[in-house]
Amino acid sequence: MSILETAKKIIEEGPICDHCMGRQFAKLSTGLTNVERGQAIKLALVMEADATFKESGDEELLEELAKSSQYARKTLRIAGEDEKCWVCLGIFEDLDLWADRAVESIGDREYSTFLVGTKVSGLIGENEEILWSECGITQAEQFKTEMNREVGKLISARTDKEVEFERPDIVVTLDIAEENTSVQVKSLYVQGKYRKLVRGIPQTRWPCRKCGGKGCQECNNTGKQYPESVDELIAKELVEMTGGNDSKFHGAGREDIDALMLGSGRPFVAEALNPRIRSIDTWELEKRINEFAAGKVEVEGLKLVEKGVIETLKSSKADKVYNLKVTFKEPVSTDKLENAIKSLIGTQVHQRTPQRVAHRRADLVRKRYVHNMRLIEKTDEFAIIEVHCDGGLYVKELTSGDDGRTEPSLTGLLGVQAKVDELNVIKVDIE
Ligand SMILES: [Zn+2]
Ligand SMILES: [Zn+2]
């Protein structure tokens, strides 16, 4: 079917605006707006209808066209205006209104890129499909595609910001049925490393075991099991500086609540949700966090990153270096201890899920290597041992043997029950 034949069928379906007419041929020729396509097609159709009228006196097509074209009305010498488009229900007359709504809902947030999305009402979606199947249309684009683009252009002109498809700072959704707009703001991601200088602080927020976070007597109505966490000590200043409403914490693994995290620190990404300000000074943020969390947590090397970094953090199997303070049930000679340590170097440890976490994790056997291990200090009461091992090896159980669930172990090799009293993470190596 030729373009004019298809267009004739479309006109016979009812009054249609230039946008909706042009959109049915959107995939034909570039550098045109759908309005330009629609106007050109309608004009050609009016001329053809006029020719038919002059040849045969048949006014039918001109009369149909008169609902959607001033040129058809002029030819027929009748007054009036275009009737309301039955496809879009006149939405395209309100593009400015939609752009105003969008700009208003973005408000004073800081952003440089945005994208418009449209939630199409049921009726418009149905109208569009009826038109396509009745008229055999194959070169159309969807209503929402045009809506997104045209409102996007208007927002751009009003705000001087750019449309970006991949990772826009802001996504504005036009809800046609509800006649309102909503805004989704991309999180701001800050990467860095943290050291934990005191014991008893968990890495992330823990809801109170008793009330599950609602607040009860047990937790002093805080809803929390522990008054603070590494997460919260870092998040407070981040949320404040970005004007966000909350944050999430992503660590490259975690240390036990009673373990210190020392040395070069553990990599993390702190995510500010719904930020109003994106251009934060990460030096200033680092300074403020270190002031606020002084004596408990230290951060360094803060920088803004993209979301993808979290995946890398979580998936990288980082080697760990631990510093253990070990006590023994019976006295152990330095020689004997050094021999046991030596024989653990380079071995693959078979470790069943430790009893202390078995209720939370599947019971299976993990295989992890001890890369290096050395005795740092030995007194009558305790020994300080450094262990360099694969991430995911439970070093408390490497020491205690966990009733034979970890093989080999320091306890097994010594024949004397050994136990970790204090544990510090010295290093987390991300490849
Ligand atoms: Zn329309
Ligand atoms: Zn509680």
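This text follows the structure it describes.
Residues numbered from 1 in each chain as written. Chains lettered and ligands numbered in written order. Predicted model: local features only at pLDDT ≥ 70, side-chain atom pairs only at ≥ 80, totals over all residues. Heavy atoms only, no water.

**Examining the overall build of the protein**
Quick reminder of the rule: Secondary structure follows DSSP: runs of H or I at least 4 residues long count as helices, runs of E at least 2 residues long count as strands, and numbering of each begins at the N terminus. All radius of gyration figures rest on C-alpha atoms, and the globule criterion is 2.2 Å times the number of residues raised to 0.38. We call a residue buried when its accessible area falls under 20% of the maximum for its residue type, exposed when it is over 50%, and partly exposed in between, using a 1.4 Å probe and counting protein chains only. Should any heavy atoms of two residues lie within 4.5 Å, those residues are considered in contact. Note that accessible areas follow from Shrake-Rupley with a 1.4 Å probe, and for residues the cover is restricted to the protein chains shown. None of His or the chain ends enter the tally, which takes Lys and Arg as positive and Asp and Glu as negative. Charge positions come from single atoms, namely NZ of Lys, CZ of Arg, CG of Asp or CD of Glu.
From N to C terminus, the protein includes 14 helices and 14 strands. Taking 2.2 N^0.38 as the reference for a compact globule, 431 residues should give roughly 22 Å; the C-alpha atoms of the protein span a radius of gyration of 34 Å, well beyond that estimate. C-alpha extents for the protein along the principal axes are approximately 115 × 40 × 40 Å. In the protein, buried positions account for 46% of the 431 residues. Taking contacts inside the protein between residues at least 6 apart in sequence as the whole, the part at least 24 apart equals 72%. Counting only carbon and sulfur atoms, one obtains 47% of the accessible surface of the protein, whose full area is about 22,200 Å². Charged side chains of the protein number 62 positive and 75 negative; the gap between the two group centres comes to 8 Å.

**Quick notes on the packing of helix H6 (residues 95–106) against helix H8 (residues 143–159)**
Selection rule: Every axis corresponds to a line fitted to the C-alpha atoms, with the helix fit spanning only the stretch in contact, and the corresponding angles, defined between N-to-C directions, vary from 0 to 180 degrees. Here is the rule for angles: anything less than 35 degrees is roughly parallel, anything more than 145 is roughly antiparallel, 65 through 115 is roughly perpendicular, and the remaining ranges are oblique. Put simply, a crossing is left-handed when the front helix is turned counterclockwise from the back one by less than a right angle, and right-handed when it is turned clockwise. Any residue outside Ala, Val, Leu, Ile, Met, Phe, Trp, Tyr, Cys, Pro, Asp, Glu, Lys and Arg is labelled polar, Gly included; the first ten of those are nonpolar and the last four are charged.
Running from N to C, H6 and H8 cross one another at 60°; their axes reach a closest spacing of 9 Å. As the angle between them shows, H6 and H8 are arranged oblique. Viewed along their axes, H6 and H8 form a crossing whose handedness is right-handed. Counting all contacts with H6, which are made through Leu95, Asp96, Trp98, Ala99, Asp100, Ala102 and Val103, the residues of H8 involved are Met147, Glu150, Val151, Leu154, Ile155, Arg158 and Thr159. A per-class count over the contact of H6 with H8 returns nine nonpolar, one polar and four charged.

**Focus on a nonpolar patch on the surface**
Operational definition: Exposure above 30% relative accessible area and no salt bridge define the residues that can form patches, which grow by joining like charges within 9 Å and nonpolar side chains of Val, Leu, Ile, Met, Phe, Trp and Tyr within 5 Å. A carboxyl oxygen of Asp or Glu within 4 Å of a side-chain nitrogen of Lys or Arg is what we treat as a salt bridge.
A cluster of nonpolar side chains, contributed by Leu43, Met47 and Tyr71, occupies part of the molecular surface with about 310 Å² of accessible area. As for its position among the elements, Met47 is in helix H3 (residues 34–56). The class of Met47 is exposed, set by a relative accessible area of 57%.

**With respect to the coordination of the zinc ion (ligand 2)**
Counted only if it meets this: Only nitrogen, oxygen and sulfur atoms count as donors, using a 2.8 Å cut-off from the metal that widens to 3.2 Å for Na, K and Ca. Water is left out, so coordination shells may look unfilled. Every angle between 85 and 135 degrees makes a four-donor site tetrahedral, while opposite donors more than 155 degrees apart, with all other angles between 65 and 115, make a four-donor site square planar and a six-donor site octahedral; other sites are irregular.
At 2.2 to 2.3 Å from the zinc ion (ligand 2) lie its protein donor atoms, namely Cys208 (SG), Cys211 (SG), Cys216 (SG) and Cys219 (SG). What the four donor atoms of the zinc ion (ligand 2) show is an angle range of 100 to 112° at the metal, which sorts the shape as tetrahedral.

**Side note on the coordination of the zinc ion (ligand 1)**
Coordination of the zinc ion (ligand 1) by the protein involves Cys17 (SG), Cys20 (SG), Cys85 (SG) and Cys88 (SG), with metal-donor separations of 2.2 to 2.3 Å. Between the four donor atoms coordinating the zinc ion (ligand 1), the angles at the centre fall across 105 to 115°, so the site counts as tetrahedral. Within one chain, the residues donating to the zinc ion (ligand 1) are spaced in sequence as C-x2-C-x64-C-x2-C. Of this pair, Cys20 sits in helix H2 (residues 18–23) while Cys88 sits in the loop between helix H5 (70–76) and H6, placing them 68 residues apart in sequence. Grouping residues by exposure puts Cys20 and Cys88 together as buried.

**Description of the environment of Gly22**
Along the chain, the position of Gly22 falls in helix H2. Through-space distance from the C-alpha of Gly22 to that of Gly38 is 3.7 Å; in sequence the pair is 16 residues apart. With residues near it in sequence (within four places) discarded, Gly22 still touches Asn34, Arg37 and Gly38.

**A few points about the sheet that holds strand E2 (residues 162–163)**
Threshold: Note on pairing: two strands pair once DSSP finds at least 2 bridges between them.
Overall, mixed pairing links the four strands, which are arranged E2-E1-E3-E4 in an open sheet. Sheet topology places E2 and strand E4 (180–185) at the edges, where each strand pairs with a single neighbour. Sheet topology note: the strand E1 (residues 113–119)/strand E3 (residues 170–175) ladder contains six bridges and is parallel. The residue bridging Lys119 from the neighbouring strand is Asp175, located in E3. Sheet strands in contact with H8 are E1, E2 and E3, and its direction is about 145° off that of E1.

**So, the nonpolar core**
The test is simple: Residues enter a nonpolar core if they are buried and are Ala, Val, Leu, Ile, Met, Phe, Trp, Tyr or Cys, with the set joined through side-chain atoms within 4.5 Å.
Tyr194, Ile234, Phe328, Leu337, Ile385 and Val387 are the most contacted members of the largest nonpolar core, which totals 51 residues. Those residues in contact with Phe328, other than ones at most four positions away along the chain, are Leu337, Ala383, Leu414, Val416, Gln417 and Ala418. In this structure, Ala49, Leu65, Val116 and Leu174 belong to the second largest nonpolar core, which totals 46 residues.

**Structural notes on the side chain of Thr406**
To be explicit about the condition: Nitrogen and oxygen atoms within 3.5 Å of one another constitute a polar contact, given that in protein one can donate a hydrogen and the other can accept it, and given that sequence-neighbouring residues count only through two side-chain atoms.
Summarising the element assignment, Thr406 is placed in strand E13 (residues 406–407). Given the relative accessible area of 0%, Thr406 is considered buried. Separated by 3.1 Å, the side chains of Thr406 and Gln351 make a polar contact. Beyond its immediate stretch of four places on either side in the chain, Thr406 contacts Val349, His350, Gln351, Glu397, Leu398 and Gly401.

**Regarding the layout of surface pockets**
Our working rule: The pocket and cavity definitions rest on a 1 Å grid over protein atoms only: a 1.4 Å probe that fits but cannot leave marks a cavity, an open set with protein on both sides within 12 Å along at least five of seven lines marks a pocket, and residues lining either have an atom within 4 Å of a point. Grid points are joined across faces, edges and corners, and a volume is the space filled by probe spheres set on the points.
When its volume is computed, the largest pocket comes out at roughly 1,100 Å³. Surrounding the largest pocket, 39 residues form its lining, Gly253, Arg254, Glu255, Arg361 and Tyr394 being those nearest its centre. Every element with two or more residues in the lining of the largest pocket is listed here: strand E6 (246–251), helix H11 (308–315), strand E9 (319–328), strand E11 (365–378), helix H13 (395–400) and strand E14 (418–429). Broken down by class, the residue content of the lining of the largest pocket amounts to 15 nonpolar, ten polar and 14 charged.

**What about unusual backbone geometry?**
The step from Glu407 to Pro408 runs through a cis peptide bond, and the omega angle for that step is -10°. Turning to its location among the elements, Pro408 is positioned in the loop between E13 and helix H14 (410–414). You will see that Leu89, though not glycine, has its phi angle at about 60°, which is positive. Given a relative accessible area of 33%, Leu89 falls into the partly exposed group. The residue Asp403 is not glycine, and still its phi comes out positive at about 55°. Mapping Asp403 onto the fold places it in the loop between H13 and E13. Overall, Asp403 belongs to the exposed group, its relative accessible area being 70%.

**A short note on the pattern of salt bridges**
Considering all chains together, one arrives at 41 salt bridges under this definition. Here Asp175 and Lys119 are joined by a salt bridge, their closest N and O atoms 3.5 Å apart. Of the two residues, Asp175 sits in strand E3 while Lys119 sits in strand E1, which places them 56 residues apart along the sequence. Judged by relative accessible area, which is 11%, Asp175 ranks as buried. Of the charged contacts in the structure, one is a salt bridge between Lys296 and Glu228, with a shortest N-O distance of 3.0 Å. One end of the pair, Lys296, is in the loop between helix H10 (282–292) and strand E8 (297–305); the other, Glu228, is in the loop between strand E5 (188–196) and helix H9 (230–242), and 68 residues separate them in sequence.

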